[in-house]
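Breakdown of the fold
These are the residues of each chain, in order.
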Amino acid sequence: MRWTLKPKPDLEKVKHLQEVLQVEATTAELLVQRGIETYETAKAFFRPSLSHLHDPYLMKDMDKAVARIEKAIANKENILVYGDYDVDGTTAVALMSTYLKTKHNLVYTYVPNRYDEGYGVSKKGINFALENDFTLIIALDCGIKAIEKVEYAKSLGIDFIVCDHHRPGNKIPDAVAVLDPKREDCNYPYKELCGCGVGFKLIQALAQKDGETVEDLIPYLDLVATAIGADIVPIDGENRVLAYFGLHVINTNPRPGIKAILDQVEKTELTITDVVFIIAPRINAAGRMEHGNFAVALLAEEDYELAKTHAININSYNTERRAADKTITEAALEQIEALDEQDRLTTVVYDETWHKGVIGIVASRLTETYHRPTLVFTKSGEKLAASARSVRGFDVYNALEACKEYIEQFGGHKYAAGLTLKEENYQAFKQAFEDEVSKTIDKNLLIPEVKIDMQIDLKDITPKFYRVLKQFAPHGPSNMTPVFMTENLRDTGYGRCVGADKTHLRLTASQPESNTIVCIGFGMGDKYELISDRKPFKAVYSIDENEWQGNVSLQLKLRDIKA
């Protein structure tokens, strides 16, 4: 693992912040590293406020979207809320449909089937709208590339409002309104909203027209925070405000569906990381193993007893998903070895029997193992479908664009994408992707990296320092958990491998003229030799709390250790 110590920020800025905030130099340094250099920006960071949210009407086409929805309500039109089957899509559908139902009773939902419709707006979905007399479709977390589908709907007399956050292509769909902050002609100040976040801006705009305030919309923010965490968008700017208040809702008064999930896992106080690893996989499992409708039904349910039944079913899908994920990951790793492809710069694997619902998770697992751009393919109807994942610093979307002569369609982000291609093009695409990555990737990106905020001593780790660190949350891209490095450490002599299979490392670190502190390194049992017999070592870690038999103490969560 590469250890990269971030450059020291400007000393004058650190000193200024230290004075105006009356904080320690380490805290001021961490803030300046995050671009927080004044009292005002620090106040906004530590005390997020709903007043920091931008006016939704700054988004291109927002006025058109609101006007069309108002017209539909006035004319008693049937409105179809359409969204993707992942967490961002299903939370957005639940958010939009439950809000609109407070204004209009002719609101229905549609989530495409992952297996026979695939990602995004489908012809089947439009035909469903036609057959059931829908004249307005609101598409969430999809639609920005649905040029032909929107045109088809228009020819049938069905209007579209697109709410998306993915990169547009060269052309924008000819919809009534296209809300996407990544549009080149959109001057909205914050570009990194998730799909559910764009949906929230639309209901915020509708609420404003009806004389409601953003405070009236707080109950919807548990959905927005869940989508922000699951979609791994930056947690800065507007996303930080939405995640902060959304987490508060999750922890104090969540909707029945989210409460039913949390009651099953017996978890009370959640961080954004808990949302990513507890709530999101269960919501995702519905669309992966059965149908995204189950997730929308859970999230939109107002009766707790019914929500509990939905949650039990979704939990069983998640158990099934975990088993499939494990089996396919093992098969994919075997395929890489059988084809002698361990030393390539990319991973591209395929098996027609692999479950389409878990290939994205498998791609992430393989990226963790080989740390290189990865695609996992399976058969989907007459074509092959793949999920792509990348390593930090490499734009897999651009690499796919360079190989588009072999691809039927693709879409996504810098670090995650999806695509389809004809089976006869698989080998040619696989080689073209390897060639493109070989030409364009910085080889350092193929070595896992841990970015270190600063070097400190154990004596700097105090309860007061940790209380301030806790206020840096919620964490995510653009505001990652602070990571520290300390040198000249020794185990006190009681270090050992722990866990049922002894794969974890637990030790008590000491440093001259400092207190000792307990350290836990998950999956680091193989590094025991580095700390045995009180050998000196250095460590990279984050700081968190350990609760044991009612006692709470600080501990170091190890990322890596070296001699």
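Residues numbered from 1 in each chain as written. Predicted model: local features only at pLDDT ≥ 70, side-chain atom pairs only at ≥ 80, totals over all residues. Heavy atoms only, no water.

**Description of the packing of aromatic side chains**
Taken as a whole, this structure holds 17 aromatic pairs when the rule is applied. Their ring planes at 80° and their centres at 5.2 Å tell us that Tyr244 and Phe245 sit as a pair that is edge-to-face. With a relative accessible area of 34%, Tyr244 lands in the partly exposed category. Under the relative-accessibility criterion, Phe245 is labelled buried at 18%. Among the aromatic residues, ring-to-ring pairing joins Tyr82, Tyr108, Tyr110, Phe128 and Phe134 into one connected group. Looking at Lys123, its charged tip hangs above the ring of Tyr152, at a distance of 4.7 Å from the centre. Seen from the ring of Tyr370, Arg372 lies directly overhead, with NZ or CZ sitting 4.4 Å from the centre. (Phe/Tyr/Trp six-rings, centres within 6.5 Å; stacked < 30°, edge-to-face > 60°. Buried < 20%, exposed > 50% of the residue type's maximum accessible area, 1.4 Å probe, protein only. Lys NZ or Arg CZ within 6 Å of the ring centre and 35° of its normal.)

**Structural notes on the sheet that holds strand β11 (residues 416–422)**
Sheet architecture is open: five strands sit in the order β7-β8-β9-β11-β10, paired in mixed fashion. With partners counted over all chains shown, the strands left at the sheet margins are β7 (347–350) and β10 (409–412), one partner each. For this sheet, the mean inter-axis angle between neighbouring strands, taken without regard to orientation, is 15°. Of the strands in this sheet, β7, β8 (374–380) and β9 (383–389) touch helix α15 (residues 359–370), which is tilted by about 45° from β9. (Pairing = 2+ DSSP bridges. Helix = DSSP H or I, 4+ residues; strand = E, 2+ residues; numbered from the N terminus. Axes fitted to C-alpha atoms, helices over the stretch in contact; angles between N-to-C directions. Contact = heavy atoms within 4.5 Å.)

**Section: helix α13 (residues 292–300)**
Buried within α13 we find Gly292, Ala295, Val296, Leu298 and Leu299. Taken around the axis of α13, the buried residues stretch over an arc of 160°, which confines them to a single face. The secondary structure elements touched by the buried residues of α13 are α5 (87–100), β3 (107–110), α9 (221–231), α11 (256–265), α12 (272–289) and α14 (304–338). (Arc of directions from axis to C-beta.)

**Focus: the pairing of β9**
Buried residues dominate β9, accounting for five of its seven residues. Across seven bridges, β8 lies against β9 in antiparallel orientation. Within β9, the position partnered with Thr378 by the bridge is Ala385. Linking β8 to β9, which pair antiparallel, is a turn of two residues; within it Gly381 sits at a positive phi near 65°. The pairing of β9 with β11 spans seven bridges and is antiparallel. When the bridges of β11 are listed, Ala385 appears paired with Thr420.

**Structural notes on the packing of α11 against α12**
Where α11 meets α12, the closest approach of the two axes is 10 Å, and the angle between their N-to-C directions is 115°. Both α11 and α12 take part in a crossing whose hand is right-handed. On the side of α11, the interface is formed by Ile258, Ile261, Leu262 and Val265, while α12 contributes Ile278, Ile279, Arg282 and Ile283. In terms of residue class, the contact of α11 with α12 is made up of seven nonpolar, no polar and one charged. (Left-handed = near helix turned anticlockwise from the far one by under 90°. Nonpolar A, V, L, I, M, F, W, Y, C, P; charged D, E, K, R; others polar.)

**Some words on the pattern of salt bridges**
Inspection of the entire model under this criterion finds 32 salt bridges. Across the pair Glu408 and Lys383 runs a salt bridge, and its minimum N-O distance is 3.7 Å. Taken together, the residues span a long stretch of sequence, with Glu408 in the loop between α16 (396–402) and β10 and Lys383 in strand β9 at a distance of 25 residues. On the basis of relative accessibility, which here comes to 37%, the residue Glu408 falls in the partly exposed class. (Salt bridge = Lys/Arg side-chain N within 4 Å of Asp/Glu carboxyl O.)

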